[in-house]
Amino acid sequence: MSILDILILLAPIFFVIVLGWFAGHFGSYDAKSAKGVSTLVTKYALPAHFIAGILTTSRSEFLSQIPLMVSLIIGIVGFYIVILLLCRFVFKYDLTNSSVFSLNSAQPTFAFMGIPVLGSLFGAQEVAIPIAVTGIVVNAILDPLAIIVATVGESSKKNEEGGDSFWKMTGKSILHGLSEPLAAAPLISMILVLCGVTLPELGVKMLDQLGSTTSGVALFAVGVTVGIRSIKLSVPAFGIALLKVAVQPALMFLIALAVGLPADQTTKAILLVAFPGSAVAAMIATRFEKQEEETASAFVISAILSLISLPIIIALTA
């Protein structure tokens, strides 16, 4: 695929993002209304797309995705753990700051850019399961783990780290992650596929009425989120952004080679982690009141850098 072909492929995607940026930057949307657009995507449109895509997939085709799932767990959760240890023991961050920094370095905005970018390369039907698997890894494993670690860090400072409270907090974090539609919808759908359940054509059409809106609305939401945020040019913000769009994709390439993924799944795995940092991860930083400006800025910086990194990655792998 030539550079011109890649630019033509990505031009409509970045056009919608830029349009969203104008809407956010010039006041058509504020933080509250932007959250409403994001909620439409993450809680309704994308889960509907997942259900329709997964429940029209055969059991054997789903099982063929297991090596990809293993790669994503290593490339996302494993990457979080490595950065966490470096922040804690090399850069001497406290545990809560280490968790926040690592989460924002590891979590991609797969829910918003996965379908339009990967769908343009492979077709929307071909990427439903890989994106759904990423949703389970992020929402059911990564986010609960990061929240648990950050909470333990806060508790240790206050000397309130009792056994009962820790296990209660752990259980609540895991249940919250599993209850998120981005985790629950694909997880339940995958269980049904393994049990041999398929979705009738009428059901697919009903879900597609909403699921088909995912690409455009998701990209617009990314632009709006970037447009309403200000940028703080700091070393931590650039560090998070570069880890997200450059280091993590390079490591995923090595992981894919080690696992033995075929060429098309290698490209999917690399792109799924190469997308800009997640606004959800930045909101978790706000929840703990740690590195709020840095993580919000890193989200914006990584989105801008992805204009350069994504064409390069596609040229090298697709």
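See the structure above.
Residues numbered from 1 in each chain as written. Predicted model: local features only at pLDDT ≥ 70, side-chain atom pairs only at ≥ 80, totals over all residues. Heavy atoms only, no water.

Caption draft 1: Examining a nonpolar patch on the surface more closely. On the surface, a cluster of nonpolar side chains totalling about 910 Å² of accessible area is made up of Ile231, Leu233, Phe238, Leu242, Ile304, Leu307, Ile308, Ile312 and Leu316. Every element with two or more residues in the nonpolar patch is listed here: helix H12 (235-259) and helix H15 (292-317). Ranked by residue count, the leading element in the nonpolar patch is H15, at five residues. Considering the arrangement of structural elements, one finds Ile312 in helix H15. (Patch = residues over 30% accessible without salt bridge, like charges linked within 9 Å, V, L, I, M, F, W, Y side chains within 5 Å. Areas by Shrake-Rupley, 256 points an atom, 1.4 Å probe, with all protein chains shown as cover. Salt bridge = Lys/Arg side-chain N within 4 Å of Asp/Glu carboxyl O. Helix = DSSP H or I, 4+ residues; strand = E, 2+ residues; numbered from the N terminus.)

Caption draft 2: Representation of the pattern of salt bridges. According to the stated counting rule, one finds one salt bridge in the structure shown. Here Glu201 and Lys205 are joined by a salt bridge, their closest N and O atoms 3.5 Å apart. Of this pair, Glu201 and Lys205 are both found in helix H10 (residues 201-211), four residues apart, which corresponds to roughly one turn of the helix. For Glu201, a relative accessible area of 57% gives the class exposed. (Buried < 20%, exposed > 50% of the residue type's maximum accessible area, 1.4 Å probe, protein only.)

Caption draft 3: Region of the structure containing empty space enclosed by the protein. According to the stated counting rule, one finds one cavity of 30 Å³ or more in the structure shown. Estimates place the volume of the largest cavity at around 40 Å³. Lining the largest cavity, in full, are Asn104, Ile240, Lys244, Gly277, Ser278, Ala282, Thr295, Ala298, Phe299 and Ser302. Elements with a minimum of two residues in the lining of the largest cavity: H12 and H15. By residue number, the principal contributor to the lining of the largest cavity is H15, which donates four residues. The class makeup of the residues in the lining of the largest cavity is four nonpolar, five polar and one charged. (1 Å grid on protein atoms, 1.4 Å probe; cavity = no way out; pocket = protein on both sides within 12 Å on 5 of 7 lines; lining within 4 Å. Points joined across faces, edges and corners; volume = space filled by probe spheres on them. Nonpolar A, V, L, I, M, F, W, Y, C, P; charged D, E, K, R; others polar.)

Caption draft 4: How the structure looks around helix H13 (residues 263-274). Taking 1.5 Å of rise per residue, 12 residues should cover 16 Å, and H13 covers 16 Å from first to last C-alpha, within 8% of that figure. Burial analysis of H13 places 10 of its 12 residues in the buried class, which makes it a mostly covered element. The set of residues buried in H13 consists of Gln265, Thr266, Thr267, Lys268, Ala269, Ile270, Leu271, Leu272, Val273 and Ala274. (Expected span 1.5 Å × (residues − 1).)

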